[in-house]
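Chain by chain, the residues:
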Amino acid sequence: MTPRELAIAALVAGGVFFTFVAAVGLLRLPDVYTRAHGASKSDTLGAGLSVAGVAVTFGADIPTAKAVLLVVFLFLTNPTAAHAIARAAADQGIEPWTVDDEGDGE
């Protein structure tokens, strides 16, 4: 394998790993606030790494510029969306999970 192919494989593998971590976080974390935090951070990084792998695959061409713009868009919108979800939950009066809530069957 060439160094370029190794870089592509590493970027895509990292993207898959962090996207998997985001999915596990959605399933395992106890409330909307921790789920939004875990998913937005991991999913943003996972998607960014995967799209970076695509950009490296295309080399210096127009699709690479589009992939870079997509990564910038992801890094701007994913955290903003997570903040909006958390703000909406707070406005609805949803209480954050605490250690005292462990015995409530959640």
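One can find the structure itself at the top, above this paragraph.
Rules of the game
- Residues numbered from 1 in each chain as written.
- Predicted model: local features only at pLDDT ≥ 70, side-chain atom pairs only at ≥ 80, totals over all residues.
- Heavy atoms only, no water.
- Phe/Tyr/Trp six-rings, centres within 6.5 Å; stacked < 30°, edge-to-face > 60°.
- Buried < 20%, exposed > 50% of the residue type's maximum accessible area, 1.4 Å probe, protein only.
- Core = buried A, V, L, I, M, F, W, Y, C linked by side-chain atoms within 4.5 Å.
- Helix = DSSP H or I, 4+ residues; strand = E, 2+ residues; numbered from the N terminus.
- Contact = heavy atoms within 4.5 Å.
- Expected span 1.5 Å × (residues − 1).
- Axes fitted to C-alpha atoms, helices over the stretch in contact; angles between N-to-C directions.
- Parallel < 35°, antiparallel > 145°, perpendicular 65-115°, else oblique.
- Left-handed = near helix turned anticlockwise from the far one by under 90°.
- Nonpolar A, V, L, I, M, F, W, Y, C, P; charged D, E, K, R; others polar.

### Comments concerning the packing of aromatic side chains
Each aromatic ring pair is summarised here by two numbers: the centre-to-centre distance and the angle between the ring planes.
Then step 1. With the rule as written, the count across this model stands at 1 aromatic pair.
Then step 2. Both rings, one in Phe17 and one in Phe18, keep their centres 5.2 Å apart while their planes meet at 75°; by these two values the pair is edge-to-face.
Then step 3. For Phe17, a relative accessible area of 48% corresponds to the partly exposed category.

### Observations regarding the nonpolar core
Then step 1. Counting 5 residues, the largest nonpolar core consists of Val51, Ala55, Ala67, Val71 and Leu74.
Then step 2. Among the secondary structure elements, those contributing two or more residues to this core are helix H2 (32-58) and helix H3 (62-91).
Then step 3. The greatest single-element share of this core, amounting to 3 residues, is contributed by H3.
Then step 4. Not counting residues up to four positions away in its chain, the partners in contact with Val71 are Gly48, Val51 and Ala52.

### Concerning H3
Then step 1. Compared with an ideal rise of 1.5 Å per residue, which puts 30 residues at 44 Å, H3 spans 43 Å between its outermost C-alpha atoms and is within 8% of the ideal.
Then step 2. Along H3, the residues classified as buried are Thr64, Ala67, Val71, Leu74, Ala82 and Ala89.
Then step 3. In this structure, the buried side of H3 is in contact with H2.
Then step 4. Among the residues trailing H3, Gly93 stands out with phi positive, at a value near 85°.

### A few points about the packing of H2 against H3
Then step 1. At a closest axis distance of 9 Å, the pairing of H2 and H3 adopts a crossing angle of 175°. Classified by the interaxial angle, the pair formed by H2 and H3 is roughly antiparallel.

### Here's the deal with the packing of helix H1 (residues 3-28) against H2
To describe two helices that pack against each other, one gives the angle between their axes and the distance between the axes.
Then step 1. The N-to-C vectors of H1 and H2 enclose an angle of 160°; their axes lie 7 Å apart at closest approach. Considering the angle they form, H1 stands roughly antiparallel to H2. Seen from above, H1 lies across H2 with left-handed handedness.
Then step 2. Class assignment for the residues of the contact of H1 with H2 results in 15 nonpolar, 9 polar and 3 charged.

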